[in-house]
Amino acid sequence: QVQLVESGGGLVQAGGSLRLSCAASGHTPFSSYVVGWFRQAPGKEREFVAGISWSGGRTSYADSVKDRFTISRDNAKNTAYLEMNSLKPEDTAVYYCAADRDEFRRWYISPQKYEFDYWGQGTQVTVSS
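Being a predicted model, the structure only gives us computed values, none of them experimental.

Q: For this particular structure, what's the right way to read the sheet that holds strand β1 (residues 2-7)?
A: In any sheet, the strands associate via hydrogen bonds between backbone groups, in a parallel or an antiparallel arrangement. With respect to topology, four strands assemble into an open sheet ordered β1-β3-β8-β7, the strand pairing being antiparallel. The sheet is open, and its two borders are formed by β1 and β7 (69-74), each paired with just one other strand. This sheet shows a mean twist of 15° between the axes of neighbouring strands, independent of strand direction. Bridge count for β7 against strand β8 (residues 79-84) is six bridges, and the pairing is antiparallel. When the sheet's bridge partners are listed, R73 is paired in β8 with A80.

Shown next as structure tokens:
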């Protein structure tokens, strides 16, 4: 299994930027996991934000964040990132990092609907107007 810890959340004004980090630890190389970022806003269900393949060669984004957010990973540092730019008040949510081994290579079939096994505790992002 893998343990995930998010960091980098906080309060930012609309139009600002934040960089979230997801630090992974465990007995399996981080490159063995596909990674996703999700968020849950007040009064709403959890939604997909972004996903990235084992080595970062393929990424996927929700339409609401495309061209504003960038997901990346550094397997040597066992860390995934979510760079958030041009933040809007509607981006306010708890952001979660998720990972999965995807032994059967099904993530690429539908990255936005993939069900992850491992989740972090979340980090709060608040965007003020």
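Q: So what exactly am I meant to see when it comes to the state of the cysteines here?
A: Chemically, a disulfide is nothing more than a covalent bond linking the sulfur atoms of two cysteines. Under the criterion given, the structure shown has one disulfide. Between the sulfur of C22 and that of C97 lies a disulfide, 2.1 Å long from S to S. Across the S-S bond of C22 and C97 the torsion is about -75°, and the bridge reads as left-handed. Here C22, found in strand β3 (residues 18-26), pairs with C97, found in strand β9 (residues 93-100); they are 75 residues apart in sequence, far enough to count as distant. Of the two residues examined, C22 and C97, each falls in the buried class.

Q: What is the right way to read the pairing of strand β4 (residues 34-40) from this model?
A: A regular strand places its side chains so that they alternate between the two faces of the sheet. Burial within β4 is extensive, with six of its seven residues counted as buried. Of the pairings in the sheet, the one linking β4 to β9 comprises seven bridges and is antiparallel in character. Looking at β9, one finds that G36 is bridged to A98. Pairing analysis gives five bridges linking β4 to strand β5 (residues 47-52), with the strands arranged antiparallel.

Cut-offs and rules
Along each chain, the written sequence defines residue order, and numbers are assigned to residues from 1. Whole-chain, interface and lining totals are the exception, using all residues; otherwise, since this is a predicted model, local features are given only for residues with pLDDT of at least 70 and side-chain atom pairs are given and counted only at 80 or more. Only hydrogens and water are set aside when side-chain values are computed; all heavy atoms of the structure are taken into account. By this definition, two strands are paired if DSSP reports at least two bridges between them. Only runs of H or I of at least four residues qualify as helices and only runs of E of at least two qualify as strands under DSSP, and these elements are numbered from the N terminus. Between N-to-C directions, angles span 0 to 180 degrees; the directions come from axes that are lines fitted to C-alpha atoms, helices contributing only their stretch in contact. We call a pair of cysteine sulfur atoms a disulfide when they lie within 2.5 Å. Relative accessibility decides the category of a residue: with a 1.4 Å probe and only protein chains considered, values under 20% of the type maximum give buried, values over 50% give exposed, and everything between is partly exposed.

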